[in-house]
Amino acid sequence: MDFKRIKTIFENRGFSVQYFEIGRDAAAYLAEQTAGKSVSFGGSITLEQLGAYETLQSHADVHWHWKGDGYVQTSEVYITSANAVSETGEIVNIDGAGNRVSATLYGPKEVFFVCGINKVMPDLSAAIDRAQNIAAPRNAMRLFGNSDSGAVCISGDEPIPACVAGGGEKCYHCKAPNSICRAIVIHQGPMRSHERCELILIGEDLGF
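Description of the structure in this document. Just so you know, these numbers come straight off a predicted model, no measurement behind them. (Residues numbered from 1 in each chain as written. Predicted model: local features only at pLDDT ≥ 70, side-chain atom pairs only at ≥ 80, totals over all residues. Heavy atoms only, no water.)

Within the protein, the secondary structure is distributed over 7 helices and 10 strands. The C-alpha radius of gyration of the protein comes to 17 Å, within 12% of the 17 Å expected for a compact globule of 208 residues. Expressed as lengths along the three principal axes of its C-alpha atoms, the size of the protein is roughly 50 × 40 × 30 Å. When the 208 residues of the protein are sorted by exposure, 49% land in the buried category. Contacts in the protein between residues at least 24 apart in sequence constitute 71% of all its contacts with a sequence separation of at least 6. A total accessible area of about 9,400 Å² is found for the protein, and carbon and sulfur atoms account for 47% of it. (Helix = DSSP H or I, 4+ residues; strand = E, 2+ residues; numbered from the N terminus. Rg over C-alpha atoms; globule rule 2.2 N^0.38 Å. Buried < 20%, exposed > 50% of the residue type's maximum accessible area, 1.4 Å probe, protein only. Contact = heavy atoms within 4.5 Å. Areas by Shrake-Rupley, 256 points an atom, 1.4 Å probe, with all protein chains shown as cover.)

Turning to the sheet that holds strand β6 (residues 91-95), a few remarks are in order. Spatially, the 4 strands line up as an open sheet ordered β8-β5-β6-β9, and their pairing is mixed. Where the open sheet ends on each side, the last strands, each with one partner, are β8 (120-121) and β9 (183-187). Where strand β5 (residues 84-86) lies against β6, 2 bridges are found, and the strand directions are antiparallel. When the sheet's bridge partners are listed, A84 is paired in β6 with V92. (Pairing = 2+ DSSP bridges.)

Within soluble globular proteins, side chains that are nonpolar tend to cluster in buried spots. Counting residues in each nonpolar core, the largest one holds 22 residues, and the members touching the most others are V39, F41, L56, I79, V114 and I200. Among the secondary structure elements, those contributing two or more residues to this core are α2 (23-34), β2 (38-41), α3 (45-50), α4 (52-57), β4 (77-80), β7 (110-116) and β10 (196-202). Of all hydrophobic cores here, the second largest spans 17 residues; its members include F3, V111, C115 and L199. (Core = buried A, V, L, I, M, F, W, Y, C linked by side-chain atoms within 4.5 Å.)

Okay, the side chain of S75 next. Tracing the backbone shows S75 in the loop between β3 (61-63) and β4. Polar side-chain contacts of S75 include one of 2.8 Å to the side chain of S40. In terms of polar contacts, S75 uses its side chain to reach the backbone carbonyl oxygen of V77, at 2.7 Å. Those residues in contact with S75 that lie beyond four places of it in its chain are S38, V39, S40, P108 and K109. (Polar contact = N/O pair within 3.5 Å; in protein donor to acceptor, adjacent residues only side chain to side chain.)

Before going further, it helps to examine the side chain of S81. Tracing the backbone shows S81 in the loop between β4 and β5. A distance of 2.6 Å separates the side chain of S81 from the backbone oxygen of V114, its partner in a polar contact. A polar side-chain atom of S81 sits 3.0 Å from a polar atom in the side chain of K119. Among residues more than four places away in sequence, those in contact with S81 are S44, T46, N93, R100, F113, V114, C115 and K119.

Let us look at the sheet that holds β3. The parallel open sheet is built from 6 strands, whose spatial order is β1-β10-β7-β4-β2-β3. Edge strands, defined here as strands with exactly one partner in the open sheet, are β1 (16-20) and β3. The average undirected angle you get between the axes of adjacent strands in this sheet is 20 degrees. In this sheet, β4 lies alongside β2 in parallel orientation, the contact comprising 3 bridges. By the bridge assignment, V39 is partnered in β4 with V77. Those strands touched by helix α1 (residues 3-12) are β1 and β10, and its axis lies near 160 degrees from that of β1. Set on the sheet, α2 makes contact with β1, β2, β4, β7 and β10; between it and β10 the angle comes to about 160 degrees. (Axes fitted to C-alpha atoms, helices over the stretch in contact; angles between N-to-C directions.)

Written as structure tokens, this is what we have:
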């Protein structure tokens, strides 16, 4: 990955960009940047692997529904990950309920996207493909993988996403009631309401 080139591309779109070789340095940086502020987290295996919640707790007022603190969209800072990042300057996320992506669009004045190097794709098309065929099925398996259903749900009649019934190998573009693929959000730049929108890349494989 040519980080200097990617940094320039994202900065030209209005994003701030940071790079850390190891995750614990990124978590320490986030704790420093959010000290004394109200912070909410979006659902993220990446943030869980980084221990970000525990690291930030001693520095900020942190809320994360994964930790029983409830979901807060009106915090000063919102931290989440992304399903994919393109080397052409886009950040891609797929969501089912909308809570994870909505706060990246409006509400908090500062937004941080924290991503491992495994999520960096060469262009937007590849980033969308990764989000649909790698990240979404793996997250669906995490949520619904214990289901007894073995049939691929293409018609939308099954209660679980088709990717789960199919073993989490790819997206079937199903209309399952519990589909987590209800919206694709592509950030081509910070929202006008953002005072800061920062991409943090980490030189490790993190999350889905």
